[in-house]
Amino acid sequence: MDYLKEAENELNDYNDLINALDCLKDEIKIIEYELKSVKTLNYESVPARGNINGDDRIANLIFKKQVKTDAYKLTLAKVRHIDKALKSLEQNGEHNCIDAILLKNLYLSKYRSQQICEKLSISERTFHRRKYLALRRFARLLFGLKVD
């Protein structure tokens, strides 16, 4: 497994995960509204065994809500995990938070390398060296493994 590439992918996906949280929250609300508007179960067709052949729509909506809720929780946990790793990188930065700032600007804000160099007052060479070191540190924080 290429942990540096995985860490880079996590950072690239971060904004999509944030947007997904909003979308999932809205979908859960829509499902809740639909559940309120659906008729209650029809108990007229209860067989002798006690099974209810009611409206499948309620069961489908409940299942759909559970799937969306689980997806929301998983996405939120992933976002918090990335945030925690970035915060730790920022707090324990050996170069006055330059690693966290560099990663946030490059992957989250989608700045170009030249813009980041100007913003941080560093050379292109320093940028590439710090990017590699920052990604290694971030990957170590994210995956808890020695990244070589």
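As the structure is a prediction and not an experimental result, all values here were calculated from the model.

Conventions we followed
- Residues numbered from 1 in each chain as written.
- Predicted model: local features only at pLDDT ≥ 70, side-chain atom pairs only at ≥ 80, totals over all residues.
- Heavy atoms only, no water.
- Helix = DSSP H or I, 4+ residues; strand = E, 2+ residues; numbered from the N terminus.
- Buried < 20%, exposed > 50% of the residue type's maximum accessible area, 1.4 Å probe, protein only.
- Contact = heavy atoms within 4.5 Å.
- Areas by Shrake-Rupley, 256 points an atom, 1.4 Å probe, with all protein chains shown as cover.
- pLDDT = per-residue confidence, 0-100.
- Phe/Tyr/Trp six-rings, centres within 6.5 Å; stacked < 30°, edge-to-face > 60°.
- Core = buried A, V, L, I, M, F, W, Y, C linked by side-chain atoms within 4.5 Å.
- Salt bridge = Lys/Arg side-chain N within 4 Å of Asp/Glu carboxyl O.
- Axes fitted to C-alpha atoms, helices over the stretch in contact; angles between N-to-C directions.
- Parallel < 35°, antiparallel > 145°, perpendicular 65-115°, else oblique.
- Nonpolar A, V, L, I, M, F, W, Y, C, P; charged D, E, K, R; others polar.

Right, let's talk about the overall build of the chain for a bit. When helices and strands are tallied, the chain shows 5 helices and 0 strands. In sequence order, the chain lays out its α and β elements as α-α-α-α-α. Among the 148 residues that make up the chain, the fraction classed as buried is 30%. In the chain, the share of contacts with a sequence separation of at least 24, taken over all contacts with a separation of at least 6, comes to 66%. In the structure as shown, the chain presents an accessible area of about 10,000 Å², 50% of it carried by carbon and sulfur atoms.

Our next topic: the confidence of the model for the chain. This prediction gives the chain a mean pLDDT of 86; 83% of its residues lie at or above 70. Confidence scores differ between elements of the chain, with helix 5 (residues 124–143) showing the lowest mean pLDDT of 91 and helix 1 (residues 3–37) the highest of 94.

Here the focus is the packing of aromatic side chains. As enumerated under the stated definition, the model contains 1 aromatic pair in all. On the basis of an interplanar angle of 55° and a centroid distance of 5.7 Å, the ring pair of Tyr3 and Phe143 is categorised as tilted. Placement of the pair is Tyr3 in helix 1 and Phe143 in helix 5, with a sequence separation of 140 residues. Using a relative accessible area of 24% as the deciding quantity, one classes Tyr3 as partly exposed. Since its relative accessible area comes to 26%, Phe143 is described here as partly exposed.

Okay, the nonpolar core next. Leu11, Ile82, Leu103 and Phe138 are the most contacted members of the largest nonpolar core, which has 28 residues in total. Sorting the residues of this core by element identifies helix 1, helix 2 (56–91), helix 3 (98–108), helix 4 (113–120) and helix 5 as the ones contributing at least two each. In terms of residue count, helix 3 provides more of this core than any other element does, 7 residues in total. The residues touching Ile82, leaving out its near neighbours within four places in the chain, are Glu10, Leu11, Tyr14, Leu17, Phe138 and Leu142.

Burial of helix 3 is extensive: 9 of the 11 residues sit out of reach of the surface. Of the residues making up helix 3, those classed as buried are Ile98, Asp99, Ala100, Leu102, Leu103, Asn105, Leu106, Tyr107 and Leu108. If you follow the buried residues of helix 3, they end up packed against helix 1, helix 2, helix 4 and helix 5. Just downstream of helix 3, Lys110 is the residue with a positive phi angle, here 60°.

Our next topic: the pattern of salt bridges. Applying the stated rule across the entire model yields 9 salt bridges. A salt bridge links Lys104 to Glu90, with the shortest nitrogen-to-oxygen separation between them at 3.0 Å. Of the two residues, Lys104 sits in helix 3 while Glu90 sits in helix 2, which places them 14 residues apart along the sequence. Each of Lys5, Glu8 and Lys131 takes part in one network of salt bridges that share partners.

Although it is not a glycine, Lys110 adopts a positive phi angle of roughly 60°. On the secondary structure map, Lys110 appears in the loop between helix 3 and helix 4.

What follows deals with the packing of helix 2 against helix 3. Between helix 2 and helix 3, the least distance of the axes is 7 Å, while the angle of their chain directions is 140°. With respect to their mutual orientation, helix 2 and helix 3 come out oblique. For the pair helix 2 and helix 3, the contacting residues are Leu86, Leu89 and Glu90 in the first and Asp99, Ala100, Leu103, Lys104 and Leu108 in the second. Residues of the contact of helix 2 with helix 3, tallied by class, amount to 5 nonpolar, no polar and 3 charged.

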